[in-house]
Each structure stands twice: as C-alpha cells, then as structure tokens.
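Letter by letter, the chains look like this.
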Amino acid sequence: TGHLNFELSIGGGASPDTSARGKVDFGKNNFMGYGWDVGSNIESDIKRPSKNIKGAVYFSDPYIFDTNVSSRFDIYARQQEYDQWRTISQPPQERVAGGTARFGLVLPKVARRLRAELELGFETIYYKNKDTIQALGDNKAATLNLFENRFTKGDLFWVSTDLIKDTRNHRVYPNRGFKIL
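Quick caveat: nothing in here was measured; it's all calculated off a predicted structure.

### Concerning the confidence of the model for the chain
Of all residues in the chain, 87% attain a pLDDT of 70 or more, and the chain-wide mean is 82. The low-confidence segment residues 1-9, where pLDDT is below 50, has 15 contacts with residues more than four positions distant or belonging to other chains.

In structure tokens, the structure reads:
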C-alpha cells in the first residue's frame, strides 16, 4: 500500500537574447515503496528547441543496500548556442555532459544528527563547429583570441565534502531546529 504522487510543473520565461523557454519536471518520491526518489527534467527554447536544450535524470536512495549510507546519482546534458556573438561567422554551440555521485554517512558517535557527505563529479565540454568559425569585422585577431580563450573544450573532475548538522523537526515544513552546512 502506498500513494502514487507525481510532480509535473510547466513554466516559461523570456529574455532579449533567446526565445521563450519551456520546462517540464517529473519526480516521484518513494518509488515502488523502496524509499527511492527518482526524477527527470527537460528545458528548451520553444522557438529553437534543437539549439538550446538541457535535461537531467536523478536517482536517490537514503539507505543504499539497507545501510546508513545515503546516495544520489545525477546525469545531465545541455546544448547551448551563443547567438549573442555578432563578430564571428556563425554562433558557437556548446555541448556539456556530466554526472555526479553523492554519498552520505550519519556520524552519531561524533555528534547527534551530524552527517558527512562526499561528492564525485565529472563533466565534459565540447564545441560543435568551432574549427569552421571565422572572425568578422576590423578587430579579427582580438576576436579570435577572445573566442579561443572562452570556448575551450575539456574535461572537469571534482571531489567535494560537506559536514551537515540538521536538527530540524521536519524535512519539508520545519518549525524548530536549524541546519548548518
């Protein structure tokens, strides 16, 4: 026995550089009664969906393998066209893909309600059509130098740790306690 709760939100916005944007989120807490939180989202330009789009999926387990270790895994990708660059022959298109793995452990012997968290992450950045782009206008050397410095492909790895003390009496609607990150 359980409750089937889905979250669906649709929103939009606009800016002078790009067209209107739309976003769809889907999430399910306590998936299949195991305590897992799963979800995904996608966001895109409405006018040019193939030029500016991003999406992500996540999975979270507060008690992985029935232990006191929590986990969360995120995978994401995005593509963005920089159409505000007016001094080059075509706008550069950035593609990013990455993911994170986060693990947490409660430390009751150190302090009550204290937890340590470790995050491992990876991201790769690639620029489509970068080799065919040419500078326009009078200041071609400066434009190409700026362009080469801004749009450099590569990989990024990171490791981060957090200590969190949470004495709140409720996760979503607390009226007593505090949380220190």
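### A word on the environment of N139
Inspection of the secondary structure assignment puts N139 in the loop between β7 (114-128) and α1 (140-150). The class for N139 is exposed, based on a relative accessible area of 53%.

### Observations concerning the packing of aromatic side chains
Taken as a whole, this structure holds 6 aromatic pairs when the rule is applied. An angle of 25 degrees between the planes, with centres 4.8 Å apart, marks the rings of Y34 and W36 as stacked. Among the residues examined, Y34 registers a relative accessible area of 53% and is labelled exposed. W36 gets classed as partly exposed once you look at its relative accessible area, which sits at 25%. Relative to F151, the ring of Y127 lies with its centre 5.2 Å away and its plane at 85 degrees, an arrangement referred to as edge-to-face. You can see Y127 sitting in strand β7 and its partner F151 sitting in the loop between α1 and β8 (154-166), a full 24 residues away along the chain. You'll find Y127 and F151 in the same group, each marked buried. An aromatic cluster of three or more residues is present, and its members are Y34, W36 and F59. Cation over ring: R72 sits above Y58, and NZ or CZ is 4.3 Å from the ring centre.

Rules used throughout
- Residues numbered from 1 in each chain as written.
- Predicted model: local features only at pLDDT ≥ 70, side-chain atom pairs only at ≥ 80, totals over all residues.
- Heavy atoms only, no water.
- pLDDT = per-residue confidence, 0-100.
- Contact = heavy atoms within 4.5 Å.
- Helix = DSSP H or I, 4+ residues; strand = E, 2+ residues; numbered from the N terminus.
- Buried < 20%, exposed > 50% of the residue type's maximum accessible area, 1.4 Å probe, protein only.
- Phe/Tyr/Trp six-rings, centres within 6.5 Å; stacked < 30°, edge-to-face > 60°.
- Lys NZ or Arg CZ within 6 Å of the ring centre and 35° of its normal.

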